[in-house]
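Okay, here's what each chain looks like letter by letter:
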Amino acid sequence: ITGSTDYGVAVDAFNSGVIHRFFQKPWRRAELRTVIEEEAQAFRQRKQEAESLHELQDALARRTSLLSDAAELIRKTGAELQRAGEAKPLERRLAVILVGDVVGFSRLISRSDERTLETLTAFRARIESLSREFGGRLVNAVGDSLLAEFGSTVDAVRFASEAQHQMAEANQSQPEELRLVFRFGITIGDVLVKGGDLYGNGVNVAARLQTLADPGGLCISAAVFEEVRSLLPIEVESMGVHELKNIATPVHVYRVKL
């Protein structure tokens, strides 16, 4: 507020402070009072916003610190688990191994990817549940393949038979060109166990056996056949001795007629 009409005074005022309005005499009291009240209210609002922003910045800093602490804890825990896993010796045991694979999966995906993946997910859930009923364990399922472990050859063959039966029934409602059909291979072998996964020659043999099975079928090794032949009312067909890829010892293969 100035009583001078010298615009130099006004310029100096603007340059030296924050000027919101400029009044010259004679000013009206009511107008001056209104402007001051409005600016006071705006000042209080700006102050409140600044305080709120400061509180948000503090809260963000605290959360960032908590996240940093959590990340460090996860890193340390992961490192400890890794060291513990590396320190734990590999477990070796004899197991009944089943490997399954979908017939023509790439062709099915190319025709109807969403529908194929939906069906595959449903079948996997059914297989995992069924394997537990027969005392087995679904070790992993990568892509369209699966690996399961059983403690008994009888339970493994029963599981494979029942799984193929249930999936065949489920496929009845699907068009033939979109049906998801598995092949299974079963053998007994010495395996290494690490982190719940199975490794070893037995897994490789089971994987090769499933490639010899018919769509919707099952192939077993001679070792499995000798154990179940007198315990299960199954019909088998000898496929002779096969030299399986990357397997040093030839394997006598039997096709189970489901």
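Anything mentioned here points back to the structure above.
So, a few notes on the structure that sits alongside this text. (Residues numbered from 1 in each chain as written. Predicted model: local features only at pLDDT ≥ 70, side-chain atom pairs only at ≥ 80, totals over all residues. Heavy atoms only, no water.)

## What about the overall build of the protein?
- Helices and strands together make up the secondary structure of the protein, namely seven helices and eight strands.
- Its C-alpha radius of gyration of 38 Å places the protein more than 25% over the 18 Å reference for a compact globule of 258 residues.
- Expressed as a percentage of the 258 residues in the protein, the buried residues total 31%.
- Partitioning the contacts of the protein with sequence separation of at least 6, the portion at a separation of at least 24 is 66%. (Helix = DSSP H or I, 4+ residues; strand = E, 2+ residues; numbered from the N terminus. Rg over C-alpha atoms; globule rule 2.2 N^0.38 Å. Buried < 20%, exposed > 50% of the residue type's maximum accessible area, 1.4 Å probe, protein only. Contact = heavy atoms within 4.5 Å.)

## Looking at the environment of Leu-232
- Tracing the chain through its elements places Leu-232 in the loop between helix H7 (222-228) and strand S7 (235-242).
- Residue Leu-232 is classed as buried on the basis of its relative accessible area of 8%.
- As for Leu-232 and Val-142, which are separated by 90 residues in sequence, their C-alpha atoms are 31 Å apart.
- Aside from chain neighbours lying at most four places away, what touches Leu-232 is Val-154, Val-157 and Arg-158.

## Looking at helix H6 (residues 201-212)
- For H6, with 12 residues, the first-to-last C-alpha span of 17 Å sits near the 16 Å given by 1.5 Å per residue.
- Considered for burial, the residues of H6 that qualify are Gly-202, Val-203, Val-205, Ala-206, Leu-209 and Gln-210. Axial view of H6: buried residues confined to an arc of 160°, hence all on one face.
- The elements touched by buried residues of H6 are strand S1 (91-102), strand S3 (145-150), strand S4 (182-194), strand S5 (197-199), strand S6 (218-221) and strand S8 (251-257). (Expected span 1.5 Å × (residues − 1). Arc of directions from axis to C-beta.)

## Quick word on the packing of aromatic side chains
- A complete count under the given rule lists five aromatic pairs for this structure.
- Relative to Tyr-254, the ring of Phe-225 lies with its centre 4.2 Å away and its plane at 20°, an arrangement referred to as stacked. Of the two residues, Phe-225 is situated in helix H7 and Tyr-254 in strand S8; the sequence distance between them amounts to 29 residues.
- Members of the aromatic cluster, joined through ring pairs, are Phe-134, Phe-150, Phe-159, Phe-182 and Phe-184. (Phe/Tyr/Trp six-rings, centres within 6.5 Å; stacked < 30°, edge-to-face > 60°.)

## Notes on the nonpolar core
- Counting residues in hydrophobic clusters, the biggest one holds 33 residues, and the most contacted among them are Leu-98, Phe-182, Phe-184, Ile-186 and Ile-220.
- Per-element accounting of this core gives the leading share, seven residues, to helix H5 (residues 153-171).
- Ignoring any residue separated from it by four or fewer positions in sequence, one finds Leu-98 in contact with Leu-146, Leu-147, Ala-148, Phe-150, Ala-156, Phe-159, Ala-160, Phe-184, Gly-185 and Ile-186.
- Counting residues in hydrophobic clusters, the runner-up holds 10 residues, among them Ile-97, Val-193, Leu-198 and Val-203. (Core = buried A, V, L, I, M, F, W, Y, C linked by side-chain atoms within 4.5 Å.)

## Topic: the packing of helix H4 (residues 113-133) against H5
- Running from N to C, H4 and H5 cross one another at 150°; their axes reach a closest spacing of 10 Å. Relative to H5, the element H4 is oriented roughly antiparallel. Here H4 and H5 pass one another in a crossing that is right-handed. Taking contact as the criterion, the partners of Phe-123, Arg-126, Ile-127, Leu-130 and Ser-131 in H4 are, on H5, Phe-159, Glu-162, Ala-163, Gln-166, Met-167, Ala-170 and Asn-171.
- Taken together, the residues of the contact of H4 with H5 sort by class into seven nonpolar, three polar and two charged. (Axes fitted to C-alpha atoms, helices over the stretch in contact; angles between N-to-C directions. Parallel < 35°, antiparallel > 145°, perpendicular 65-115°, else oblique. Left-handed = near helix turned anticlockwise from the far one by under 90°. Nonpolar A, V, L, I, M, F, W, Y, C, P; charged D, E, K, R; others polar.)

## What to know about the pairing of S4
- The sheet contact formed by S1 and S4 spans 12 bridges and is antiparallel. By the bridge assignment for S4, Arg-92 is matched with Leu-192.
- Here S4 runs beside S6; their pairing, made up of three bridges, is parallel. Considered in S6, the bridge of Ile-186 is made with Ile-220.
- The turn joining S4 and S5, which pair antiparallel and follow one another in sequence, is formed by two residues; a positive phi near 60° is taken by Gly-195. (Pairing = 2+ DSSP bridges.)

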